[in-house]
Every structure is written in C-alpha cells, then in structure tokens.
Amino acid sequence: DQQVKQNSPSLSVQEGRISILNCDYTNSMFDYFLWYKKYPAEGPTFLISISSIKDKNEDGRFTVFLNKSAKHLSLHIVPSQPGDSAVYFCAARAGSARQLTFGSGTQLTVLP
Amino acid sequence: DAGVIQSPRHEVTEMGQEVTLRCKPISGHDYLFWYRQTMMRGLELLIYFNNNVPIDDSGMPEDRFSAKMPNASFSTLKIQPSEPRDSAVYFCASSFRLDWEGYTFGSGTRLTVV
C-alpha cells in the first residue's frame, strides 16, 4: 500500500497563474517532507522541503504547506512559468531514517 | 563533481537475459540508493547502502534482483533472468549523512525487456 499518494497524475495551468500540487500520506511517523522536480531524461532534483514542526516553507515562487492533522501537503508555484513544466514528486522521511518514500508524481504543464 | 553517473542510459534486452546496471555515486557520499520508476507506482526504493553495506533490501522485488557495492565509488544492480515486467527506469542516488535535503539522483537507466 502506498504511504505517499499523489492522486492527480497531471495538471495544466496557464502561465502566470498559480499551480497547486497535492500530496497525502498515511504514515504518522513521517516528519520531514520534500518535493522533487523531474524533467524528461533527467533524474529528479530537490526543490523544497518542510519539517513537521512547521506548517509553511517558502522559497521564491515555491511554497510548501503542511497540514499534519489531515496528513496533507501541497506545493504552490506562483507565478507559474513554462519552464516549470515537469513531473513533481512528493517524498517523505521518518525520523533519522535516510530512505525517502516517494509518491507516484504529478505531471505539471504550464501553457504559454 | 560530475554528479551521480549511471550506465548505460538505455538498455534493451530479451527476456531471460542477465542485465547489469551501474552507478558511480558522488565522491564522499556515504549513502547509495537504487530506485525504480514505473507509471503505476512512481519511485520505489529497491535497496540502499551505507558505507558500502546493504542496510535495507526489502524493496527488491524478488530473488532475480541483486545489488552490490564493492567499494565507495561503484554499485551494480543485476537482474537475472530479466522479464518484461522489469521494464522501467532505474535510478541511483547518493547522499551524505549530514545532508538532510535528500539525495542527488543520476539520470537513470531506461530498461526495456522484450
């Protein structure tokens, strides 16, 4: 059973608008969450992270929100740009564990 | 540093053949991970090493899969015999124990078993 779920396989938004990517998790031991971005024929690259002691983390156009009670996190991209078109993976880690559990990814397409 | 280097980039093989995927982690990184990406399941952890020692191989699908890390700069993932359902993109990633921002991934090996 998948412990990290991204229920939207794809998302399309207009350039300049907000992109919201969602992620749900089931393992209450997860306390650190990351988002990775993946372009075709490349490996995933780290984008932004959040610890469970926070409910928001911001880095430029990217903001991650964490709702621990709902076991839900989201990535907001504002404004969206065509170069943001990629697959976005949500990932989670428990305590001092080194391994990450990933979701299935969401393909974001930003239309010019 | 050139990053995590994986070879080959693409591999097409016939069912029943042995396949070996290779990975060179970033120098100084003490953790190495093998992941598999499929449409249905996304990125699945197969196995990971710490200081060349396998720590968790619970994600290895079955006995046909094996992984080794003979030294700090090289790891292999072997599938013998290969089956069509093994077709996927296989990623290697490495990290340093003090780096909590996750991994650095290689570009992956796209495996097709026909």
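The following refers to the structure shown. Nothing here was measured: the structure is a model prediction, and the numbers come from that model.

**Points about the interface of chain B and chain A**
Logical step 1: Taken together, the contact between chain B and chain A spans 24 residues of the former and 22 residues of the latter.
Logical step 2: Viewed at the interface, chain A and chain B are joined by 0 salt bridges.
Logical step 3: The tally of links between chain B and chain A comes to 9 residue pairs in polar contact (both at pLDDT 80 or more).
Logical step 4: When contributions to the side of chain B that touches chain A are tallied by element, the ones reaching two or more residues are β4 (31-38), β5 (42-50) and β9 (88-95) of chain B.

**Re the packing of aromatic side chains**
Logical step 1: Counted according to the given criterion, the structure contains 16 aromatic pairs over all chains.
Logical step 2: Aromatic side chains Phe102(A) and Tyr35(B) sit 5.2 Å apart centroid to centroid with 85 degrees between the ring planes, which places their arrangement in the edge-to-face category. Of this pair, Phe102(A) sits in strand β10 (residues 101-102) while Tyr35(B) sits in strand β4, each in a different chain. Take Phe102(A) and Tyr35(B): they sit in the same class, and that class is buried.
Logical step 3: Residues Tyr103(B) and Phe105(B) carry aromatic rings whose centres are separated by 5.8 Å and whose planes lie at 55 degrees to one another, so their mutual orientation is tilted. For the pair formed by Tyr103(B) and Phe105(B), the shared burial category is buried.
Logical step 4: By way of ring pairs, the aromatic residues Tyr36(A), Phe46(A), Phe89(A), Phe102(A), Tyr31(B), Phe33(B), Tyr35(B), Tyr48(B), Phe91(B), Tyr103(B) and Phe105(B) are connected into one cluster.

**Here's the deal with the environment of Lys38(A)**
Logical step 1: Relative to the assigned elements, Lys38(A) resides in strand β4 (residues 30-38).
Logical step 2: For the pair Lys38(A) and Gln3(A), spaced 35 residues apart in the sequence, the C-alpha separation amounts to 20 Å.
Logical step 3: Once residues lying within four places of it in the same chain are set aside, the contact partners of Lys38(A) are Gly43(A), Pro44(A), Ala86(A), Val87(A), Phe89(A), Gln37(B) and Phe91(B).
Logical step 4: From its side chain, Lys38(A) meets the backbone oxygen of Glu42(A) in a polar contact 3.2 Å long.

**Looking at the nonpolar core**
Logical step 1: If you look at the biggest cluster of nonpolar residues, it comprises 23 residues, and the most contacted ones within it are Phe33(A), Trp35(A), Leu73(A), Leu75(A) and Tyr88(A).
Logical step 2: When residues of this core are traced back to their parent elements, those giving at least two are β3 (19-25), β4, β5 (45-51), β7 (62-67), β8 (72-77), β9 (86-94) and β11 (106-111) of chain A.
Logical step 3: No other element matches β9(A), which puts 4 residues into this core.
Logical step 4: Contacts of Phe33(A), omitting those with residues within four sequence positions, involve Tyr25(A), Ile48(A), Ser49(A), Ile50(A), Leu66(A), Leu73(A), Ala91(A) and Ala92(A).
Logical step 5: Formed by 21 residues, the second largest nonpolar core is a distinct cluster that contains Val4(B), Trp34(B), Met60(B) and Ile79(B).

Rules and cut-offs
Position numbers for residues count from 1 along each chain, tracking the sequence in the order it is written. The lettering of chains begins at A and the numbering of ligands begins at 1, in the order of writing. Totals for whole chains, interfaces and linings use every residue, but because this is a predicted model, local features are given only for residues with pLDDT of at least 70 and side-chain atom pairs only at 80 or more, for both listing and counting. Side-chain numbers come from the whole structure's heavy atoms, not from hydrogens or water. By definition, residues are in contact when any of their heavy atoms lie within 4.5 Å. A carboxyl oxygen of Asp or Glu within 4 Å of a side-chain nitrogen of Lys or Arg is what we treat as a salt bridge. Pairs of N or O atoms within 3.5 Å make up the polar contacts considered here, provided that, within protein, one atom can donate a hydrogen while the other can accept it, and that residues adjacent in sequence are counted only when both atoms are side-chain atoms. Only DSSP runs of H or I covering at least 4 residues are called helices, and only runs of E covering at least 2 are called strands; the numbering of each starts at the N terminus. Classification of ring pairs uses Phe, Tyr and Trp, with its six-membered ring standing for Trp, and accepts pairs whose centres are within 6.5 Å; under 30 degrees between planes counts as stacked, over 60 as edge-to-face, and the remaining range as tilted. Each residue is assigned to one of three classes by its accessible area relative to the maximum for its type, calculated with a 1.4 Å probe on protein chains only: buried under 20%, partly exposed between the two thresholds, exposed over 50%. Among buried residues, the Ala, Val, Leu, Ile, Met, Phe, Trp, Tyr and Cys ones that are joined through side-chain atoms within 4.5 Å form a nonpolar core.

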